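Here is how the chains run, residue by residue.
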Amino acid sequence: MQHGIIEQDEGPILLVSCAFAYSGMASNILTKAIRVGQSVGRKAARVAPRHQYSTGKVQLPAYLLNSAPTKITTLPNKLRVATEEAPGETATIGVFIDAGSVYENDKNNGTAHFLEHMAFKGTGNRTQQQIELEVENMGAQLNAYTSREQTVYIARAFKNDVPKMLDILSDILQNSKLDAAAIERERGVILKEKEVVEENVEEILFDYLHSAAYQGTPLARTILGSTQNIRSITRNDLTNYIRSHYTTPRMVVTASGAVNHEQVCELANKNFANLPQSSDFDFSSLGNFEFTGSDVRVRDDTAPTANVALAFEGVSWSDPDYVTFMILQSLVGNWDRGMGSGVALNSRLAEVAAEEELMHSFSTFNTCYNKTGLFGVNLVADYKRVDDAVWQVLNEFQTIGKDLTEAELERAKNRVKAAYLMQLDGTNAVAEDIGRQVLTLGRRVSPVEFFMRVDAITTADVKRVCDTYLNDVDPVVSGYGALKYMPDYNYIRRWTYWGRF
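What counts as what
- Residues numbered from 1 in each chain as written.
- Predicted model: local features only at pLDDT ≥ 70, side-chain atom pairs only at ≥ 80, totals over all residues.
- Heavy atoms only, no water.
- Pairing = 2+ DSSP bridges.
- Helix = DSSP H or I, 4+ residues; strand = E, 2+ residues; numbered from the N terminus.
- Contact = heavy atoms within 4.5 Å.
- Axes fitted to C-alpha atoms, helices over the stretch in contact; angles between N-to-C directions.
- Buried < 20%, exposed > 50% of the residue type's maximum accessible area, 1.4 Å probe, protein only.
- Salt bridge = Lys/Arg side-chain N within 4 Å of Asp/Glu carboxyl O.
- Phe/Tyr/Trp six-rings, centres within 6.5 Å; stacked < 30°, edge-to-face > 60°.
- pLDDT = per-residue confidence, 0-100.

Peer 1: For this particular structure, what's the right way to read the sheet that holds strand E16 (residues 335–336)?
Peer 2: In a beta sheet, neighbouring strands are held together by backbone hydrogen bonds and run either parallel or antiparallel to one another. If you trace the six strands from one edge of the open sheet to the other, you get E14-E19-E15-E18-E17-E16, paired in mixed fashion. Looking at strand neighbours, the two that pair on one side only are strand E14 (294–299) and E16, the edges of this open sheet. Sheet strands touched by helix H10 (residues 322–332): strand E17 (361–368) and strand E18 (373–381). Its angle to E17, the strand with the most contacts, is close to 175°.

Peer 1: Is there a simple way to explain the pairing of E18 in this structure?
Peer 2: Taken residue by residue, a regular strand's side chains alternate between the two faces of the sheet. Counting buried residues along E18, nine of its nine residues qualify, which places the element largely inside the surrounding structure. Side chains Gly373, Phe375, Val377, Leu379 and Ala381 project from E18 onto one buried face, and the interleaved Leu374, Gly376, Asn378 and Val380 project onto a second face that is buried too. Here eight bridges tie strand E15 (residues 306–313) to E18, and the two strands are oriented antiparallel to one another. Within the sheet, the bridge partner assigned to Val308 lies in E18 and is Leu379. Where E17 folds back onto E18 in an antiparallel hairpin, the turn is made up of four residues.

Peer 1: In this structure, what is going on with the pattern of salt bridges? I would like to understand it.
Peer 2: Between side chains of opposite charge, a pair can form when the charged atoms approach closely. For the coordinates displayed, the defined rule picks out 27 salt bridges. Two residues, Glu449 and Arg443, come together in a salt bridge whose shortest N-O distance is 2.9 Å. Across the pair Asp461 and Arg464 runs a salt bridge whose closest N-O atoms are separated by 3.7 Å. Linking Asp461 with Arg464, this pair stays in helix H16 (residues 459–470), spanning three residues, or about one helical turn. A residue is classified by how much of its surface remains accessible, and Arg464, at 37% relative accessible area, is partly exposed.

Peer 1: What should I look at first to understand the packing of aromatic side chains in this one?
Peer 2: Within a pair of aromatic rings, the relevant descriptors are the distance that separates the centres and the angle that separates the planes. All told, the structure shown has eleven aromatic pairs when counted by the stated rule. Judged by centre distance (6.2 Å) and plane angle (80°), the rings of Tyr214 and Phe291 are edge-to-face. A residue pair is termed long-range when its members are at least 10 positions apart, and Tyr214 in the loop between helix H6 (201–213) and helix H7 (227–232) and Phe291 in the loop between helix H9 (261–271) and E14 qualify at 77 residues. The class for Tyr214 is buried, based on a relative accessible area of 0%.

Peer 1: Hey, could you run me through helix H2 (residues 111–118) in this one?
Peer 2: Since the α-helix turns once every 3.6 residues, residues separated by three or four places project in the same direction. Most of H2 sits out of view: eight of its eight residues are buried. Of the positions making up H2, those classed as buried are Thr111, Ala112, His113, Phe114, Leu115, Glu116, His117 and Met118. Buried residues along H2 sit in contact with strand E11 (141–146), strand E12 (151–158), helix H5 (180–198), H7 and helix H8 (235–245).

Peer 1: Even after reading the chapter, I still don't get the environment of Ala91, so can you show me in this structure?
Peer 2: Mapped onto the secondary structure, Ala91 falls in strand E10 (residues 90–97). Sequence spacing of Ala91 and Ser256 is 165 residues, and the spatial spacing of their C-alpha atoms is 5.7 Å. Setting aside chain neighbours within four positions, we find Ala91 in contact with Ala155, Arg156, Ala157, Val162, Ser256, Gly257, Ala258, Val259 and Thr427.

Peer 1: Explain the confidence of the model for the protein chain here, please?
Peer 2: Note that predicted coordinates carrying low pLDDT should not be read in detail. Averaged over all residues, the pLDDT of the protein chain equals 86, while 87% of them reach at least 70. Of all helices and strands in the protein chain, the one with the weakest mean pLDDT is strand E5 (residues 32–35) (27), whereas E15 scores best (98). Contacts of residues 1–56 to residues separated by more than four positions or lying in other chains number 136 contacts, the stretch itself having pLDDT below 50.

In structure tokens form, the structure reads like this:
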């Protein structure tokens, strides 16, 4: 049965050629099968990694070759349908929309999030109570969330209820009543949510970090919007946003688990036939999200700790160095003093933090967007140690690419591979991964390709990325709490290049 224009099948590959192209850059890979050495820790002896080489072919684990294919079909109305079939009795169905806070302006910031809240408040065909009863009677789950670049509506149900759930999803996306009384009620809910978010120090830090790093661009805005906007958003703002952004080329219907690709295509073709294919929104007005090195601080000496986020400009989802940044994230690592370890961990920064009692905790983040990204560390430290903690983080960024051993790199690769597979454990996770990748890349990166790209990373690649993105460049810093001894930004900037001498 022919539904549309494009068909893509990323099935298991028995023999994979070692040359492939990604985002316009060809990478010639010397293929190999890696066996991880048993040496542990920073002080382990330098050992050569053990490889098994072959000629032009790569040996891959059987579980990768047996992974299910991702099937993608573009319907005649330009709506994409992407599925991954798996045995079982349940399925996850989602609608991913290229719409978030970056597509708003100062006046209507918060509209995408507000609209997500209004989706379940009734349609022209179902009242709010009917929606809730239908979902409950099926034993299903229905949820939605908004990010800076995407809005997601996702549901999980028994396989026989997939048609019903897709009908409900299409109904709330196309026929929401946006009742004036419901809008007024929801303002209070969103304002309460905003209060809760603003009590979360990590959430505050990252909002500050974005406002400083991307000042003057749409990425600087928060997802929830200002209190003033939440109080003033109108039904007209919501309908205008739907008309501008809920168009088929900017949407992907995903399904994973006990689903049939042809059936999902039929249902999507039927239920989303009336969606518009274009809008008059000027997407070129968004610009390139220019990064600005700067800092923002909120000092409160009554706070028990200093909370700091320190970041550099990273890369987008589609950048060839995206996987190298994942390796870097694994190398820098995460640590919390409640773990009761540190010296035995593979993270050098964790080792120092544990031995010198430098921090309460730290975590490395690699946040990617369509055109840019942020890579850095979020840390919590005693107010008298915050200067040492910040210096140590920058020292790690300075040195990690210079003396990285092959054994350390192999361990990091295996941690990245394991994390990649673990995060795809479940139909919800798979459906979300498919939706995000199809929206951002136009396709799904298969596990085979991902493993090949990870294996292709060398110590020279890590050094090059560190030299390009982390050394002698302007960082962005956000701080909250007891910041009396927080170093001045000029000192922080100098610490990004001291290692070259």
